[in-house]
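These are the residues of each chain, in order.
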Amino acid sequence: MSKAEPLEDKSWDLIIESGRTERNYWRDLWRFRELFYILSWRDIKVRYKQTFIGGAWSIIRPLLTTIIFTIVFSRIAKLQNPGAAPYALMVFAGMLPWQFFSNALSESSNSLIGNANLITKVYFPRMIIPASSVITSLVDLGISFIIMIGMYIWYHYPPSWNIIFLPVFILLAFLCSFGIGLYLTAVNVKYRDFKYIIPFIVQFGLYITPVGFSSSIIGEKWRWLYSLNPMVGIIDGFRWCLLGDQMHWNSFYISIIIISLFLWLGIYYFRKMERTFADNI
Amino acid sequence: MSSIIEVRNLSKSYIISHEGKAHYKTLRDVMTRHAKNFFSVHRTLNNQDPGKEEFWALKDVNFEIKQGERVGIIGRNGAGKSTLLKILSRITEPTSGNIKIKGRVASLLEVGTGFHPELSGRENIFLNGAILGMTRLEIKKHFDEIVDFAEIEKFLDTPVKRYSSGMYVRLAFAVAAHLEPEILVVDEVLAVGDAEFQKKCLGKMEDVSKNQGRTVLFVSHNLGVINTLCNRAVLLKNGSLISNDTPDKVISEYMYYTTNEGHNHIILEDDLSKSIQIKEAKLVLEDDSIVDSAIDIPEKYFLKILFKVHKFIRNAHFTFEIKDAEHRVILFADKTDEKGSYESVLPGLYGCKIEIPNPLFNKGRYYLTIGCMDNDEEENNHVLPDVFTFEVADSKRFRTYPRPGNVFKIFNWNFNRIN
């Protein structure tokens, strides 16, 4: 077949050839939005249907961790909260995005392997799968919010007006975990033993992220380096919204750049690997 | 009518690894290999991975399908059927070549793809429908029909993990059957389910294509189904399309390849319950190589048989029979024709080499039956019906046009000018 032959024949609805999915990708993603809704709905439904614990778990886990962190950092290590809020409230405001991030990362990094039967039998833009698994964690975040409200009441601490900006930070947390999750899940298809590393990343992340303490205790000199952890900006943002703590805008901008970078890398790598998912999985 | 699917030079290759069974890598393997290479003195020699091999699952496949056609795809396991369907359903990309399609394709490569055991029948209808490409509106429109077809109304709100396997399959097929795509791609999915339900499904598929004008591509190992359901069939063999015709013709071709394929040679075990038996038989060319491809009309070939006689037989006789492609006997030969009497044989091994004179048969396919008989005790007869199949091809050396008939003979015409 000569190269000159025009393949862009308008009378065909679909042309399948090597490298062709690239071109239809974003259009297809929109066309398959219904599948995205229904897969998210399935993940949520399955998670909360089977066990009462499913729902309770998203309350118990952050609550217990918060209690432990408050005791360890506030009572034992005698750290102070530079803001006005009680220490436990500060910990919980940081726990919300962190819990979301770590859940989303674990869920999305295993999402492709977990849906292998779909991938080998039906076509759809594969990005739907990790995306819908992140949505499940968003519901968990919503449930955990109930505790936040309870804590406001318990400590007689009124939320800050900044709370109206919270959706922006939730979106950032979503994009951050989605970007990294995309990368990890694609790697996970290629190297199956990678899944053992993921819990370690999450565990390690907890220590280098200001969940149990305020990011203000990091000196001004190292602040830029600390901000390379994208969760730093997000957690600061959550505390700013929920508690009216001081916001470190410069480190927040760094976080945005890092998040964009991760997102770009995640999408780029995922798209590159996507073509061979069905063959490798 | 114009084509709805056009497949051009479609090829798909896989890199297969001989290192292990797993088709995915582990990070550990990759790291240890890199480490080994790093420390290896012969690094440059290690560049080519000897454990990798390219395998063409499909090679230069071309065909067209018109609207409303029901096309069966047949071939043995590993012939490339599933790869073809996967490319058509866009699950995997071709390595080269292209497919052009008009309209929406829905593929049913598995019954109940994405069914979740924890969800109820109702929920799974919506889930599976969305996975197969239906919108929620479409599913709602067909919801009652689906439930009706699956016969599960009582269990609609039961999790499907409590369903019997029959109910599960019925529900899954019911959803798929109510898809409304222009092109329906169906893999071997009817192998499950009871006979009655299979009939119902086939009826539905027939209805979909005949009455609604949809195009159906159908893979099955059930040749009977292909024959009744499809109006055309294609045969794949080792990744190539070797036949594209009416189902009965393609099926007979398929039968030929499955029964034959390099098997014009058999060796049998000793059977001491018989007084005489065939021990070994083969169909060979003049250089003693087994006939494994078409024979040219002028080519000479031989039937070589070894008989083993276990007990003395007074009246033994040996026969072979040749049938044409329609299984009509066109020739029956008996050794007694040589001298007009039966053979008496002592225990031992006997061999014969029968020359099939050339030219004898016209272009076509032939089935060969061989046998040896004890005329006094018929239960000793040993007959191998249609044991060999061979194809005679037209070399175009003699012929100016294709000749009808089974026999091909060149006669002495004694053609003279008389006046």
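Bear in mind the structure is a predicted one, so any value in this text is a computation, not a measurement.

Some points on the confidence of the model for chain B
Residues and elements named next belong to chain B.
- Overall, the predicted model of chain B reaches an average pLDDT of 82, with 89% of residues at or above 70.
- Under a pLDDT of 50 for its full length, residues 42–48 has, in the predicted model, four contacts with residues more than four places off or in other chains.
- Overall fold confidence for the complex sits at a pTM of 0.70, while the interface term, ipTM, reaches 0.81.

Some remarks on the pattern of salt bridges
- Taken as a whole and judged by the stated rule, the model has 24 salt bridges over all chains.
- Among the salt bridges present, the one from D28 of chain A reaches R31 of chain A, with a minimum N-O distance of 2.9 Å. In this pair, D28 of chain A and R31 of chain A are both assigned in helix α1 (residues 21–31), three residues apart and thus about one turn of the helix distant.
- Since its relative accessible area comes to 51%, R31 of chain A is described here as exposed.
- The salt bridge partner of R275 of chain A is E93 of chain B, with a shortest N-O separation of 3.8 Å. Of the two residues, R275 of chain A sits in helix α12 (residues 249–280) while E93 of chain B sits in the loop between α2 (81–88) and β4 (96–101), which places them in two different chains.
- Judged by relative accessible area, E93 of chain B falls into the buried class, the value being 12%.
- Here the salt bridges share partners, and the residues they tie into one network are K335, E338, K339 and E343 of chain B.

A word on empty space enclosed by the protein
All names here are of chain A.
- The final tally for this structure, using the stated rule, is four cavities of 30 Å³ or more.
- In this model, the second largest cavity occupies a volume close to 60 Å³.
- The set of elements that each furnish at least two residues to the lining of the second largest cavity consists of α3 (52–76), α4 (87–109) and α7 (128–154).
- If you tally residues by element for the lining of the second largest cavity, the top one is α4, at four residues.
- When its residues are assigned to classes, the lining of the second largest cavity shows four nonpolar, four polar and three charged.

Things to note about the packing of aromatic side chains
Residues and elements named next belong to chain A.
- Throughout the structure, instances matching the rule amount to 24 aromatic pairs over all chains.
- On the numbers, 5.8 Å between centres and 80° between planes, the contact of F32 with Y123 is edge-to-face. Of the two residues, F32 is situated in the loop between α1 and α2 (33–49) and Y123 in the loop between α6 (116–119) and α7; the sequence distance between them amounts to 91 residues. Each of the two residues, F32 as well as Y123, counts as buried.
- Judged by centre distance (6.0 Å) and plane angle (55°), the ring pair of F252 and Y253 falls under tilted.
- The class for F252 is buried, based on a relative accessible area of 7%.
- Among the aromatic residues, those joined into a ring-pair cluster are F165, F169, W240, W249, F252 and Y253.

Brief notes about helix α6 (residues 195–210) of chain B
Residues and elements named next belong to chain B.
- If you check α6, its first and last C-alpha atoms are 22 Å apart, about what 16 residues at 1.5 Å a residue would give, namely 22 Å.
- The complete set of buried residues in α6 reads F197, C201, L202, K204, M205, V208 and S209. Taken end-on, α6 shows its buried residues confined to a sector of 155°, consistent with a single buried face. Exposed side chains of α6 directed beyond 90 degrees from the buried face belong to A195, E196 and K199.
- Looking at the buried residues of α6, the elements they touch are β3 (70–74), α4 (136–150), α5 (165–177), β6 (183–186), β7 (215–219) and α7 (223–229).

Conventions adopted
Residues numbered from 1 in each chain as written. Chains lettered and ligands numbered in written order. Predicted model: local features only at pLDDT ≥ 70, side-chain atom pairs only at ≥ 80, totals over all residues. Heavy atoms only, no water. pLDDT = per-residue confidence, 0-100. Contact = heavy atoms within 4.5 Å. Salt bridge = Lys/Arg side-chain N within 4 Å of Asp/Glu carboxyl O. Helix = DSSP H or I, 4+ residues; strand = E, 2+ residues; numbered from the N terminus. Buried < 20%, exposed > 50% of the residue type's maximum accessible area, 1.4 Å probe, protein only. 1 Å grid on protein atoms, 1.4 Å probe; cavity = no way out; pocket = protein on both sides within 12 Å on 5 of 7 lines; lining within 4 Å. Points joined across faces, edges and corners; volume = space filled by probe spheres on them. Nonpolar A, V, L, I, M, F, W, Y, C, P; charged D, E, K, R; others polar. Phe/Tyr/Trp six-rings, centres within 6.5 Å; stacked < 30°, edge-to-face > 60°. Expected span 1.5 Å × (residues − 1). Arc of directions from axis to C-beta.

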